[in-house]
Amino acid sequence: MRAVIQDRYGSADVVVVGELPDPVPADDEVLLAVRATSLNGSDRENLVGKPFYARVGGLRRPRHPVPGSDVAGTVVAVGRSVTEYAPGDEVFGELSGYRGGLARYVATSPRLLARKPEHLSFVRAAAVPQAGCIALRATRGLRPGDKLLVNGAGGAGGALVIGLARHLGAHVTAVDRADKAGHLLRVGADDTVAFEHCDWADQRDRYDRVVDLVAHRSPFRVHRALRAGGSYLMVGGRTRVLLATLAAGPLLRLLTGKRVGVLFVPQSRADLEEVTGLVTEGVVVPAIDEVLPLEEAPAAFARLEAGDNLGKIVVEVS
């Protein structure tokens with residue numbers, strides 16, 4: 001089968017398209033003919049092997065040579081113990097282990113897959129899983145009038161965070177490069193901050209919640225941007241910041257009353273179905289940056305690595 005192959009960590013030039021044997025599903029797996037796969041910030045981390053937690057699936061090289069976790073496709077075979085799905089079913093979701101999606105076929109557990117709504121295209125369905133589940137958890141509990149800041153909002157996951165926050169009545173400030181300001185306003189941000197010109201962490205007592213998709217600031221700085229009782233949620237970023245945030249969070253809450261912590265987002269079919277319901281209702285819309293064929297996957301990774309994407313890059317596998 002045709003597949004994207006990454007045999008080591010590095011820049012986008014380590015990614016090639018080649019041939020691999022067709023996978024065979026285990027008794028508790030389904031075999032999926034992949035139609036579309038979207039790229040996330042986690043795919044960029046898994047490409048370069050940084051932060052260090054990106055190497056959980058292989059310390060020196062990726063244990064699974066095929067990247068890509070968010071997929072949509074058609075079931076072509078099922079293992080003997082699988083009763084939930086049958087050949088011909090159209091499904092989508094995240095892959096356990098966050099790899100394997102950029103290939104003609106993938107064998108995976110059905111527990112993280114959901115049935116694709118009939119009127120949702122494979123491309124749009126593939127753009128929902130990881131970004132949608134992050135957005136769902138990152139915005140839970142927001143109230144009308146709350147002020148939310150989203151750092152790294154112009155990448156793969158920001159548009160859904162912005163959309164869900166606006167749906168809940170929050171005022172959204174989106175932070176990214178200056179040249180992404182127009183995109184951020186189009187997907188629903190109330191205002192934007194260009195990180196080249198202004199450091200949002202210097203804005204004192206302004207936000208009820210900060211969702212940080214690309215964390216690199218000390219927890220002892222970011223809490224100052226929060227109002228009394230506010231919360232800072234780190235979603236992605238540097239390893240040292242992750243460790244510092246985990247360590248400092250309880251102390252900062254004791255001293256300031258503000259919550260500073262890491263947002264853990266487990267892979268969940270229930271969350272996927274909930275956020276997809278909002279997508280199909282038109283409440284939120286995934287931002288699609290570019291749709292490329294499988295043979296151009298190296299170019300997709302180069303764009304992702306450079307941070308040039310405005311929303312999700314989707315690879316059409318077949």
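Residues numbered from 1 in each chain as written. Predicted model: local features only at pLDDT ≥ 70, side-chain atom pairs only at ≥ 80, totals over all residues. Heavy atoms only, no water.

An unreviewed UniProt entry annotates the chain as NAD(P)-dependent alcohol dehydrogenase of Promicromonospora kroppenstedtii.

Draft legend 1. Spotlight on the overall build of the chain. The secondary structure content of the chain amounts to 9 helices and 15 strands. Seen along its three principal axes, the alpha-carbon backbone of the chain occupies a region of about 55 × 40 × 35 Å. For the chain, the residues scored as buried account for 55% of the 318 residues in total. Taking as baseline every contact in the chain between residues at least 6 positions apart, the subset at least 24 positions apart corresponds to 69%. Here the chain contributes 39 positive and 37 negative side-chain charges, whose respective centroids are spaced 7 Å apart. (Helix = DSSP H or I, 4+ residues; strand = E, 2+ residues; numbered from the N terminus. Buried < 20%, exposed > 50% of the residue type's maximum accessible area, 1.4 Å probe, protein only. Contact = heavy atoms within 4.5 Å. Lys, Arg positive; Asp, Glu negative; His and termini not counted. Charge placed at Lys NZ, Arg CZ, Asp CG, Glu CD.)

Draft legend 2. Representation of the side chain of Lys 258. With respect to the helices and strands, the residue Lys 258 is situated in the loop between helix 7 (239–256) and strand 13 (259–262). Among the polar contacts listed, one links the side chain of Lys 258 to the backbone oxygen of Leu 226, at a separation of 2.9 Å. Non-local contacts of Lys 258, meaning those with residues more than four positions away in its chain, are made with Asp 205, His 223, Arg 224, Leu 226, Arg 227, Ala 228, Gly 229, Gly 230, Leu 252 and Arg 253. (Polar contact = N/O pair within 3.5 Å; in protein donor to acceptor, adjacent residues only side chain to side chain.)

Draft legend 3. Focus on unusual backbone geometry. Its identity as a non-glycine residue notwithstanding, Tyr 98 has a phi of 60°, on the positive side. You can call Tyr 98 partly exposed: its relative accessible area is 31%. Backbone geometry places Asp 205, a non-glycine residue, at a positive phi of 50°. One can find Asp 205 in the loop between strand 10 (191–194) and strand 11 (207–212).

Draft legend 4. Geometry of the packing of aromatic side chains. For the structure shown, the criterion picks out 0 aromatic pairs. Positioned above the aromatic ring of Tyr 105 is the side chain of Arg 104, whose terminal nitrogen or guanidinium carbon lies 4.9 Å from the ring centre. Stacked on the ring of Phe 122, the Lys or Arg Lys 116 has its end atom at 4.7 Å from the ring centre. (Phe/Tyr/Trp six-rings, centres within 6.5 Å; stacked < 30°, edge-to-face > 60°. Lys NZ or Arg CZ within 6 Å of the ring centre and 35° of its normal.)

Draft legend 5. The arrangement of the sheet that holds strand 12 (residues 226–234) in detail. One open sheet accounts for 6 strands, arranged 10-9-8-11-12-13; its pairing is parallel. In this open sheet, the two strands that pair with only one neighbour each are strand 10 and strand 13. The average undirected angle you get between the axes of adjacent strands in this sheet is 15°. Examined bridge by bridge, strand 8 (residues 147–151) and strand 11 share 4 bridges and lie parallel to one another. The residue of strand 11 that forms the bridge with Val 150 is Val 211. Contacts from helix 4 (residues 158–167) reach strand 8 and strand 9 (171–176), with the element oriented near 165° to strand 9. (Pairing = 2+ DSSP bridges. Axes fitted to C-alpha atoms, helices over the stretch in contact; angles between N-to-C directions.)

Draft legend 6. Main features of the side chain of Asn 40. Mapped onto the elements of the fold, Asn 40 is located in the loop between strand 3 (30–38) and helix 1 (41–48). A distance of 3.0 Å separates a polar atom in the side chain of Asn 40 from a polar atom in the side chain of Lys 312.

Draft legend 7. Representation of a nonpolar patch on the surface in the model. On the surface, a cluster of nonpolar side chains totalling about 460 Å² of accessible area is made up of Phe 220, Leu 251, Leu 254 and Leu 255. No other element matches helix 7, which puts 3 residues into the nonpolar patch. You can see Leu 251 is positioned in helix 7. Residue Leu 251 is classed as partly exposed on the basis of its relative accessible area, which comes to 41%. (Patch = residues over 30% accessible without salt bridge, like charges linked within 9 Å, V, L, I, M, F, W, Y side chains within 5 Å. Areas by Shrake-Rupley, 256 points an atom, 1.4 Å probe, with all protein chains shown as cover. Salt bridge = Lys/Arg side-chain N within 4 Å of Asp/Glu carboxyl O.)

Draft legend 8. How the structure looks around helix 3 (residues 129–139). The buried fraction of helix 3 is high, at 10 of 11 residues. Those residues of helix 3 that sit buried are Pro 129, Gln 130, Ala 131, Gly 132, Cys 133, Ile 134, Ala 135, Leu 136, Ala 138 and Thr 139.

Draft legend 9. Inspection of the UniProt feature "domain: Enoyl reductase (ER)" (unreviewed entry) in the chain at higher detail. With numbering aligned to this structure, UniProt lists the feature "domain: Enoyl reductase (ER)" (unreviewed entry) at residues 10–315. Within residues 10–315, the helical portion is 27% and the strand portion 26%, while the C-alpha atoms at the span's ends are 20 Å from each other. (UniProt positions renumbered as here; feature names shortened; annotations may be inferred.)

Draft legend 10. Here's a closer look at the packing of helix 3 against helix 4. One way to put it is that helix 3 packs onto helix 4 with a least axis distance of 8 Å and a crossing angle of 40°. Judged by the angle between their axes, helix 3 and helix 4 are oblique. Between helix 3 and helix 4 lies a crossing of right-handed hand. Residues Ala 131, Gly 132, Ala 135, Leu 136 and Thr 139 of helix 3 pack against Leu 160, Val 161, Leu 164 and Ala 165 of helix 4. Within the contact of helix 3 with helix 4, the residues separate by chemical class into 7 nonpolar, 2 polar and no charged. (Parallel < 35°, antiparallel > 145°, perpendicular 65-115°, else oblique. Left-handed = near helix turned anticlockwise from the far one by under 90°. Nonpolar A, V, L, I, M, F, W, Y, C, P; charged D, E, K, R; others polar.)

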